[in-house]
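# Breakdown of the fold
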Amino acid sequence: MNIKKSIPVLVIILYIALIYFSPPKYIDKPKFLFLRIAKLPLNLTHTFFRNINYLAHSKDMIQENKCLHDTVDALTLQLSQYKEMDQENTRLRKLLNFQKVSSSKLIAAGIIAKDSSNFSDTIVINQGSRHKITQDTVIVAEAGLVGRVYESSSSMSRVILITDPNSRVSAVCSRSRQIGVLFGTSSNLCELRYLPLVTDVLVGDEIVTSGFSDIYPKGILIGHVIKIIREQRGLSLTAIVAPAVDFTSLEEVLCIE
Amino acid sequence: MYRISAIAIILLVVYAGLIQVGAFNYIEIAGIKPDLLLLIVVYISLACQGPETVKAAITAGIIKDVTSSAVFGSYVLSFLVLGLLLNYHQRRFYKEKILARIMFGFCSYIFIAIFIFGFDAIAQRGIGSFYPFFNVAIKGALYTGIVSPLVFFVASKILRIRLAHVI
């Protein structure tokens, strides 16, 4: 037997044994070491290509900026009404002896790198355990749910997006209150599975987190239904959901502490 | 076959890695992007000798491992196996035709996908289903295959190598 030729096979067998018998957090420890070294070039590259993209879309951005200014004006007015309602809510809750709803603290984070592979949808953010970002911290953007922290080091964290094939989120249709499980598909869409066959979910319905989870708080917008799939002989329906967050242009996120 | 300095290879792979992480996010189609690092490893495996292939595969593998959520080491190992396989059998496989280049990109992507899914399943990361494999791997392989002639052309200009002279 040729020993030289059998070395690659031996290496593969050893590696398989290593990843099978050791917990993932130990195998992945060197990743953050390399990421720490690569942080600066990754950050610079990300900023460079982002700025090029901004320049290419500068005309659209001027128009968008105008629209956003109008929206901000309208929302400011709405916000003052909501503040009034919030105060009223607090008063009424006190009156009825209701438990206080916990208000979470938000921590802003920038994206250092996006996933280079098609098989997973993750991002690396510049906040870690030093900033109280730990595993399963929920990540949101202005538009809605982004995902949760998968692993974190002292100054960086890897976030698994809701479009990742390993992501599962308990979700509910905000109009009909039908509950399903949201699966990532590694494309820019998600699937809301296990909806009852006689369901009242329609195209355009808003999907939000259900709160039936230790991780995701209730009521965070996930996206909108764009298609409903009824399989022959299937026991449940599947709704295709377009996430509210545009992951391709995502630059900053908020971590719910 | 060509001999290229280790620094040149590492620089080329790191440069490709930065483009992969930065620019390729803007050419995604339905969440799928081509794998530039894989194509660079394939090109170096076809054009250069074993030591160059090993250097390119390890550098590209580390970059992929660090910038993805795959089990650490799985890309290094799969790139090494693919690179050495191509390097040993380059004369048998390769034809100087655009279609051959596309097929190389396509098949290499599928080869790597099988490895990554296999390692993830062994490490019990919960992929466990063939849905993402068919949903992502085939589309990714097609996209990678389509861009491979262009990437091979640019790489040959940078490294001043012609595969036709090599094989």
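Rules and cut-offs
Residues numbered from 1 in each chain as written. Chains lettered and ligands numbered in written order. Predicted model: local features only at pLDDT ≥ 70, side-chain atom pairs only at ≥ 80, totals over all residues. Contact = placed C-beta atoms within 7 Å. Helix = DSSP H or I, 4+ residues; strand = E, 2+ residues; numbered from the N terminus. Nonpolar A, V, L, I, M, F, W, Y, C, P; charged D, E, K, R; others polar. Core = buried A, V, L, I, M, F, W, Y, C linked by C-beta atoms within 7 Å. Buried ≥ 20, exposed ≤ 12 C-beta atoms within 10 Å, placed from the backbone. pLDDT = per-residue confidence, 0-100. Pairing = 2+ DSSP bridges. Axes fitted to C-alpha atoms, helices over the stretch in contact; angles between N-to-C directions. Expected span 1.5 Å × (residues − 1). Parallel < 35°, antiparallel > 145°, perpendicular 65-115°, else oblique. Left-handed = near helix turned anticlockwise from the far one by under 90°.

On to the interface of chain A and chain B, then. One frequent convention defines the size of an interface as the accessible area lost when the parts assemble. Each partner contributes to the interface: chain A provides 41 residues, whereas chain B provides 38 residues. Elements that contribute at least two residues to the side of chain A that touches chain B include exactly helix 1 (3–21), helix 2 (24–27), helix 3 (29–56), strand 1 (106–114) and strand 5 (157–161) of chain A. The element best represented in the side of chain A that touches chain B is helix 3 of chain A, accounting for twelve residues. Among the residues making up the side of chain A that touches chain B, the classes are represented as 21 nonpolar, 15 polar and five charged.

The next subject is the nonpolar core. V159 and L182 of chain A together with L37, I40, V41, Y43 and A60 of chain B are the most contacted members of the largest nonpolar core, which totals 94 residues. By residue number, the principal contributor to this core is helix 2 (residues 36–47) of chain B, which donates eleven residues. Sequence-distant contacts of V41 of chain B, that is, excluding residues within four places in its chain, are made with A56, A57, A60, F79, L82 and G83 of chain B.

Right, let's get into unusual backbone geometry. All names here are of chain A. The backbone of D136 sits at a positive phi, close to 75°, despite the residue not being glycine. If you trace the backbone, D136 turns up in the loop between strand 2 (122–125) and strand 3 (138–140). The backbone of Y194 sits at a positive phi, close to 65°, despite the residue not being glycine. Mapped onto the elements of the fold, Y194 is located in strand 8 (residues 190–195).

Below, the discussion takes up the environment of I111 of chain A. All names here are of chain A. You can see I111 is positioned in strand 1. Taking the C-beta count within 10 Å as the criterion, I111 has 19 such neighbours and is therefore assigned partly exposed. Separated by 13 residues in sequence, I111 and V124 place their C-alpha atoms 5.8 Å apart. Contacts of I111, omitting those with residues within four sequence positions, involve H46, I123, I125, L250, E251 and V253.

Across chain A, the average pLDDT comes to 83, with 92% of residues at 70 or higher. No element of chain A has a lower mean pLDDT than helix 2 of chain A, at 68, and none a higher one than strand 9 (residues 206–209) of chain A, at 92.

The next thing to look at is the sheet that holds strand 9 of chain A. Residue and element names in this part refer to chain A. The strand order around the closed barrel built from six strands is 6-7-8-11-10-9, with neighbouring strands paired in antiparallel fashion. If you compare each strand with its neighbour and ignore which way they point, the axes differ by 40° on average. Inspection of the sheet shows strand 7 (residues 179–184) paired to strand 8 by four bridges, in the antiparallel sense. From the neighbouring strand, V181 faces strand 8, where its bridge partner is R193.

It is worth spelling out the confidence of the model for chain B at this point. Residue and element names in this part refer to chain B. Per-residue confidence for chain B averages 82 on the pLDDT scale, and 86% of its residues sit at or above 70. In the model of chain B, helix 8 (residues 163–166) stands out as the element of lowest mean pLDDT, 55, in contrast to helix 2, which has the highest, 90. Confidence estimates for the predicted assembly give a pTM of 0.77 and an ipTM of 0.73.

Before going further, it helps to spend a moment on helix 1 (residues 6–22) of chain B. Helix length check: helix 1 of chain B, at 17 residues, gives a terminal C-alpha distance of 24 Å against a target of 24 Å (1.5 Å per residue), a fit within 8%. Buried residues of helix 1 of chain B: I9, L12, V13, A16, G17, L18, Q20, V21 and G22 of chain B, and no others.

All right, on to the sheet that holds strand 3 of chain A then. Residues and elements named next belong to chain A. What the six strands build is a closed barrel, ordered 1-2-5-4-3-12; its pairing is antiparallel. Ignoring strand direction, the axes of neighbouring strands in this sheet form an average angle of 45°. Pairing between strand 3 and strand 4 (residues 145–152): three bridges, direction antiparallel. Bridge pairing in strand 4 links V138 to R148. Contacting strand 1 and strand 2, helix 3 crosses the sheet at an angle of about 85° to strand 1.

Looking along a regular strand, one sees side chains alternate from face to face of the sheet. Residues and elements named next belong to chain A. Pairing of strand 6 (residues 168–173) with strand 7 involves five bridges; the strand directions are antiparallel. Paired with R168 across the bridge in strand 7 is F183. Counting the residues in the hairpin turn of strand 6 and strand 7 gives five residues, including R177, whose phi is positive at 60°. Note that strand 6 and strand 9 share three bridges and pair antiparallel. Counterpart to V172 in the pairing with strand 9 is V208.

Another point: helix 4 (residues 74–88) of chain B. Compared with the 21 Å implied by 1.5 Å per residue over 15 residues, the 21 Å span of helix 4 of chain B between its first and last C-alpha is a close match. All of the buried residues in helix 4 of chain B are S74, Y75, L77, S78, F79, L80, L82, G83, L86 and N87 of chain B.

Right, let's get into the pairing of strand 4 of chain A. All names here are of chain A. For strand 4, a buried count of eight out of eight residues is recorded, marking the element as mostly surrounded by other parts of the structure. Taking the residues between adjacent antiparallel strands as the criterion, strand 3 and strand 4 are bridged by four residues. Pairing between strand 4 and strand 5: five bridges, direction antiparallel. Within the sheet, the bridge partner assigned to G147 lies in strand 5 and is L161. Hairpin remark: strand 4 followed by strand 5, antiparallel, with four residues in the connecting loop.

On to the packing of helix 2 of chain B against helix 6 (residues 98–122) of chain B, then. Residues and elements named next belong to chain B. Following both chains from N to C, one finds helix 2 and helix 6 inclined at 110°, their axes separated by 10 Å at the closest point. With respect to helix 6, the axis of helix 2 lies roughly perpendicular. Our pair here, helix 2 against helix 6, has a crossing hand that is right-handed. Contacts between helix 2 and helix 6 involve L38, L39 and V42 from the former and F104, G105, S108, Y109 and I112 from the latter. Classifying every residue of the contact of helix 2 with helix 6 by side-chain character gives six nonpolar, two polar and no charged.

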